[in-house]
Amino acid sequence: MEVVTFDFGEVCLGTLENDDTTVEAKGIVTLIPKTILRLVQQASGHLGGLAKLPLGYVTVVTADGLDLSDGDYRAIASIDGLRTVDFDNTSISHDQVRLFCRQGIVAMYLGSESVGDDAMAHIASVESLLLLKLSGSSVTDGGFAALRGHQSIEELQLQPSEVTSASADVIASLPSLTTLHMDGADDHVLRAMARPSTTWLHLREGTFGPGGIEALARCSALENLGLFRSQLTIDAQRALGDL
């Protein structure tokens, strides 16, 4: 394994790890990609040199909680091989989100209050998108509707968010969705996810009856079910025991 450290000025941008035998074009965080660039920054204004670095193997940029300028976002967006972006807890505008809404992006972590409904049409246009995190964003059911019928999304992280069980029909319309993290779900959400391909359900603070729980019997590939701090009727508890 070749390990290269890049330094820009006095700021260490991170390390680039490359194993040519295991690099995959579909480098998504949850699949633990072999090629990762993790940005470590104490102050803004140091990322402008990214475009000048030999970053052909970089697939993941993490900028969680960093104070980035518009120039920083544009420098990150200029990386040709970019596949995953993590802008959790980072102030990012609608126009800056749009910089990353392009084919080839497979995962977007947008857990920021600055991400709202106006960004969703652009996000929905990314046909290659497999994972979308909107936890902590300002996206509502109205904006979430832009994802209706998206063919590729496999994982949604909506915990916590302003997206509610009123979006169950949108969730049901996502044919590739296998993993859902969501707060305040109900039987409509369980029925929306009641499909053989569902593998992971983390539904916190929901309210469930027997109908929704019984629908889970159709989830033949289910590996993990979490109903944290949720309310289940007596009949729902019995149905859960029968799964």
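Residues numbered from 1 in each chain as written. Predicted model: local features only at pLDDT ≥ 70, side-chain atom pairs only at ≥ 80, totals over all residues. Heavy atoms only, no water.

Here we look at the overall build of the protein chain
Applicable threshold: Helix and strand definitions here come from DSSP, where helices need a minimum of 4 consecutive H or I residues and strands a minimum of 2 consecutive E residues; each element is numbered from the N-terminal end. Burial classification: accessible surface area is computed with a 1.4 Å probe over protein chains only, and a residue below 20% of its type maximum counts as buried, one above 50% as exposed, and the rest as partly exposed. Whether two residues touch is decided by their heavy atoms; if any such pair falls within 4.5 Å, the residues are in contact. Accessible surface area values rest on a Shrake-Rupley calculation with a 1.4 Å probe, where residue burial reflects the displayed protein chains alone.
Along the protein chain, the regular secondary structure elements total eight helices and 13 strands. Within the protein chain, the fraction of its 243 residues that count as buried is 51%. Summarising the internal contacts of the protein chain: among those between residues at least 6 apart in sequence, 46% fall at separations of at least 24. Accessible surface, the protein chain as shown: approximately 11000 Å² in total, 49% of it carbon and sulfur.

As for the nonpolar core
When a protein is soluble and globular, its nonpolar side chains tend to lie buried together. Here is the rule: Joining through side-chain atoms within 4.5 Å is the link that ties buried Ala, Val, Leu, Ile, Met, Phe, Trp, Tyr and Cys residues into a set, and such a set is a nonpolar core.
If you look at the biggest cluster of nonpolar residues, it comprises 56 residues, and the most contacted ones within it are Phe 87, Met 108, Ile 123, Leu 132, Phe 144, Leu 156 and Leu 180. Setting aside anything within four residues of it in sequence, one finds Phe 87 in contact with Ala 63, Leu 68, Tyr 73, Ile 76, Ile 92, Phe 100, Tyr 109, Leu 110 and Ser 112. Counting residues in each nonpolar core, the second largest holds five residues, with Val 106, Ala 107, Tyr 109 and Leu 130 among its members.

Re the pairing of strand E9 (residues 179-183)
Our working definition: One requirement defines pairing of two strands: DSSP has to find at least two bridges between them. For the handedness criterion, the strands are oriented away from the viewer, and a crossover whose path from the first strand over the helix to the second runs clockwise is classed as right-handed.
Across the five residues of E9, five count as buried, placing the element largely inside the fold. With four bridges joining them, strand E8 (residues 155-158) and E9 adopt parallel strand pairing. Within the sheet, the bridge partner assigned to Glu 155 lies in E9 and is Thr 179. For the handedness criterion, the β-α-β arrangement of E9, helix H6 (residues 187-192) and strand E10 (residues 200-204) is classed as right-handed.

Describing unusual backbone geometry
Glycine aside, residues mostly have negative phi, and peptide bonds are mostly found in the trans state. Of the consecutive residues Gln 159 and Pro 160, the connecting peptide bond is found in the cis state with omega at -5°. Within the secondary structure, Pro 160 is located in the loop between E8 and helix H5 (168-172). The phi dihedral of Asn 89 is positive, around 55°, even though this residue is not glycine. With respect to the element layout, Asn 89 can be found in the loop between strand E5 (84-86) and helix H2 (94-98). Here Asn 89 falls in the exposed class, since its relative accessible area comes to 57%. Even without being glycine, Glu 205 reaches a positive phi, approximately 55°. Residue position: Glu 205 is located in the loop between E10 and strand E11 (207-208). Taking relative accessible area as the criterion, Glu 205 reaches 43% and is therefore assigned partly exposed.

Section: the pairing of E8
The side-chain alternation of E8 yields two buried faces, one formed by Glu 155 and Gln 157 and the other by Leu 156 and Leu 158. Here strand E7 (residues 131-133) pairs with E8 via three bridges, running parallel. Note that in E8 the partner of Leu 131 across the bridge is Glu 155.

Focus: the confidence of the model for the protein chain
Defined as follows: The predictor reports its confidence for every residue as pLDDT, a score running from 0 up to 100.
When pLDDT is averaged along the protein chain, the result is 79; 76% of the residues meet or exceed 70. Confidence drops under pLDDT 50 across residues 1-57; counting only partners more than four residues distant or on other chains, this segment forms 117 contacts.

With respect to the pattern of salt bridges
Under the convention used in this document: One side-chain nitrogen of Lys or Arg within 4 Å of one carboxyl oxygen of Asp or Glu is enough to make a salt bridge.
Under the criterion given, the structure shown has seven salt bridges. Measuring nitrogen to oxygen at the nearest pair gives 2.8 Å for the salt bridge that ties Arg 74 to Asp 70. Placement of both Arg 74 and Asp 70 in helix H1 (residues 70-77) is noted, with a separation of four residues, approximately one turn of the helix. Across the pair Arg 148 and Asp 169 runs a salt bridge, and its minimum N-O distance is 3.1 Å. Residue Arg 148 is found in the loop between helix H4 (141-144) and E8, and its partner Asp 169 is found in helix H5; the two are separated by 21 residues along the sequence. Exposure remark for Asp 169: the relative accessible area of 41% places this residue in the partly exposed category.

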